[in-house]
Amino acid sequence: MKKLLLVSVLLSAFLLPGRAGATDPRDYIPLPAGSFLFCTYLQHTTGHRLKADDNVVSSDFNLSQNIVIFRPVYYTNLGPFVVDPQALIIAGEAELDGDLINDTSSSGIADPVLLMTTWFVNNPDKQLWFGWTPYFTVPIGEYSKKRPLNLGTNRWALKNELGLVKGFGPLYIDLVGHVTVFGDNDDYWNGSETVTKEQDPLYGTEVHVSYDVTKRWWLGLSYFYSNGGETEIDGVDQRDDQDNHALMFTSGFNIGDNYQLLLQYRDDFSVKSGVETKSIQARFAFFF
């Protein structure tokens, strides 16, 4: 039962909504006020090794997740600033088996995320943008306390993020920093009774470098780092704080004047606590 609890705790570092909130290159470059953007994400992720406190817990670990995200975005003015109220509407399925756990799965709706960026600097002439984005995670996704694999989290979360983009002709550099604070999950099953799960703040940084190969095709390389986020179950520290690193490659295509396609590959190549994963993702955007 302790092994099952450990798997359940560590999976929380992998599953949504945290992954859904990661930015893409050039996300902090806004469209003009009055524009509407609709994105659809298709993501497939696999993981085959589970780690805790930099130790391998299981190498016989088979996790597969398929996710679809719908993201409507509207750009408008709020006083002197451009803002973009939006939502991440998430659904999918996940399956898991291995030496620590029998076959289990989860499917349905994940916790939606409400967010809005406010641009304090929006200067296309100088290729300079700077904004702040709060992400509110609403705990209405599929959740069962006796199931180790859940798409919902049964708790509120707030991520505050700052993003800076500077362009140098065809070259763009994005610097992003964020901190996430979590509410308590007071309906968490520890194997014998319902207890409270708490989590420390999780800190993260992202660096995106992208380059216009042609007017309609660009390439990007991204680095992600997360630190902190140790959980506590019924007052007991779980020693599962993150010190994790990932790289992502993006190929972006502008199709005509109103469509964009991003193809991405991500590798969580250094994981202190959680699942070592690899992901492929396609993002299709329509804007007008």
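Numbering of residues begins from 1 in every chain and follows the order in which that chain's sequence is written. In keeping with the model being predicted, local features are shown solely for residues with a pLDDT of at least 70 and side-chain atom pairs are shown and tallied solely at 80 or more, while totals for entire chains, interfaces and linings include all residues. By convention in this description, side-chain values take in all heavy atoms of the structure and omit both hydrogens and water.

Per an unreviewed UniProt entry, the chain goes by Transporter and derives from Syntrophotalea carbinolica.

Caption draft 1: Inspection of the overall build of the chain at higher detail. Summing up its helical and strand segments, the chain has one helix and 19 strands in all. Only the C-alpha atoms count toward the radius of gyration. The rule for a globule is 2.2 Å times the residue count to the power 0.38. Expected size for 288 residues packed as a compact globule is a radius of gyration near 19 Å; at 19 Å, the chain falls within 12% of this value. Along the longest, intermediate and shortest principal axes, the C-alpha atoms of the chain span 60 × 35 × 30 Å. Think of it in three bands: with a 1.4 Å probe and only protein chains considered, a residue is buried below 20% of the maximum accessible area for its type, exposed above 50%, and partly exposed in between. Buried positions account for 47% of the 288 residues belonging to the chain. Under the DSSP-based scheme used, a helix requires at least four consecutive residues in state H or I and a strand at least two consecutive residues in state E, with every element numbered from the N terminus.

Caption draft 2: Expanded view of the pairing of strand S9 (residues 157-168). The side-chain alternation of S9 yields one buried face, formed by Ala-157, Lys-159, Glu-161, Gly-163, Val-165 and Gly-167, and one unburied face, formed by Leu-158, Asn-160, Leu-162, Leu-164, Lys-166 and Phe-168. At least two DSSP bridges between two strands are required for those strands to pair. Judged from the 10 bridges that link them, strand S8 (residues 128-137) and S9 form a sheet pairing that is antiparallel. By the bridge assignment, Tyr-135 is partnered in S9 with Lys-159. In terms of strand pairing, S9 meets strand S10 (residues 171-182) through 12 bridges, oriented antiparallel.

Caption draft 3: How the structure looks around the pairing of strand S2 (residues 55-58). Two strands pair when backbone bridges link them, and strand S1 (residues 36-52) and S2 are joined in this way by three bridges, in the antiparallel orientation. Paired with Ala-52 across the two strands is Asn-55, which belongs to S2. The loop that links S1 with its antiparallel partner S2 comprises two residues; one of these, Asp-53, has a positive phi angle of about 55°.

Caption draft 4: Region of the structure containing the nonpolar core. Counting residues in each nonpolar core, the largest one holds 23 residues, and the members touching the most others are Leu-37, Ile-69, Tyr-75, Leu-88, Ile-90, Val-113 and Trp-119. Whether two residues are in contact is decided by their heavy atoms, any of which lying within 4.5 Å being enough. Once residues lying within four places of it in the same chain are set aside, the contact partners of Trp-119 are Asp-27, Tyr-28, Ile-29, Pro-30, Tyr-75, Phe-81, Val-82, Val-83, Asp-84, Trp-129, Phe-130 and Gly-131. Nonpolar cores were defined as sets of buried Ala, Val, Leu, Ile, Met, Phe, Trp, Tyr and Cys residues, with membership established by side-chain atoms within 4.5 Å. Residues Leu-50, Ile-101, Leu-149 and Val-275 belong to the second largest nonpolar core, which totals nine residues.

Caption draft 5: Just a negative patch on the surface, in detail. Patches here are clusters of residues that have more than 30% relative accessible area and form no salt bridge, with a 9 Å joining cutoff for like charges and a 5 Å cutoff for nonpolar side chains (Val, Leu, Ile, Met, Phe, Trp, Tyr). Only the protein chains shown count as cover for residues, and all accessible areas are computed by the Shrake-Rupley method using a 1.4 Å probe. We count a salt bridge whenever a side-chain nitrogen from Lys or Arg sits within 4 Å of a carboxyl oxygen from Asp or Glu. We score Asp and Glu as negative and Lys and Arg as positive, and we do not count His or the chain ends. Note that the charge is assigned to NZ on lysines, CZ on arginines, CG on aspartates and CD on glutamates. Together, Asp-184, Asp-186, Glu-198, Asp-200 and Asp-237 make up a region of like negative charge exposed at the surface. According to the relative accessible area criterion, Asp-186 is exposed, its value standing at 55%.

Caption draft 6: Representation of the side chain of Asn-190. Take Asn-190: it is sitting in the loop between strand S11 (185-189) and strand S12 (194-199). Look at Asn-190 and you get buried, because its relative accessible area is 18%. Side-chain polar atoms of Asn-190 contact the backbone nitrogen of Ser-192, separated by 3.0 Å. Within the structure, the side chain of Asn-190 is placed 2.9 Å from the backbone nitrogen of Glu-193, a separation counted as a polar contact. Whenever two N or O atoms come within 3.5 Å, that pair is a polar contact, provided that in protein one can donate a hydrogen and the other can accept it, and provided that, for residues adjacent in sequence, both atoms are side-chain atoms.

Caption draft 7: Inspection of the sheet that holds strand S16 (residues 236-237) at higher detail. Pairing in this open sheet of four strands is antiparallel, and the strands run S11-S12-S15-S16 from one edge to the other. Strands at the two margins of the open sheet, each flanked by one partner only, are S11 and S16. Two elements, S12 and strand S15 (residues 231-233), share three bridges in a ladder whose sense is antiparallel. Opposite Gln-199, over in S15, you have Thr-231 as the bridge partner.

Caption draft 8: Just the packing of aromatic side chains, in detail. Centres within 6.5 Å make a pair out of two Phe, Tyr or Trp rings, where for Trp the six-membered ring is used; the pair is then stacked when the planes are under 30 degrees apart, edge-to-face when over 60, and tilted otherwise. The full count for this structure, using the stated rule, is 11 aromatic pairs. On the basis of an interplanar angle of 25° and a centroid distance of 5.8 Å, the ring pair of Tyr-259 and Phe-284 is categorised as stacked. Here Tyr-259, found in strand S18 (residues 259-270), pairs with Phe-284, found in strand S19 (residues 274-287); they are 25 residues apart in sequence, far enough to count as distant. For the pair Phe-286 and Phe-288, a centre-to-centre distance of 5.2 Å together with 40° between the ring planes defines the contact as tilted. The partly exposed category is assigned to Phe-286, whose relative accessible area is 28%. One aromatic cluster is present, formed by Phe-36, Tyr-259, Phe-284, Phe-286 and Phe-288 through successive ring pairs. Placement of a positive charge over a ring is assigned whenever Lys NZ or Arg CZ falls within 6 Å of the ring centre and within 35 degrees of the normal to the ring plane. The lysine or arginine in question, Lys-159, covers the ring of Tyr-135, its NZ or CZ lying 4.3 Å from the ring centre. When the ring centre of Phe-224 is taken as reference, the NZ or CZ atom of Arg-266 above it lies at 4.4 Å.

Caption draft 9: Looking closely at the pattern of salt bridges. Counted by the stated rule, this structure contains 14 salt bridges. For Lys-51, the salt bridge identified is with Asp-54, shortest N-O distance 3.4 Å. As a salt-bridge pair, Lys-159 and Glu-161 come within 3.6 Å of each other at their nearest N and O atoms. The exposure classification of Lys-159 matches that of Glu-161, with both residues buried. Bridged by salt links that share partners, the residues Arg-49, Lys-51, Asp-54 and Glu-276 form one connected network.

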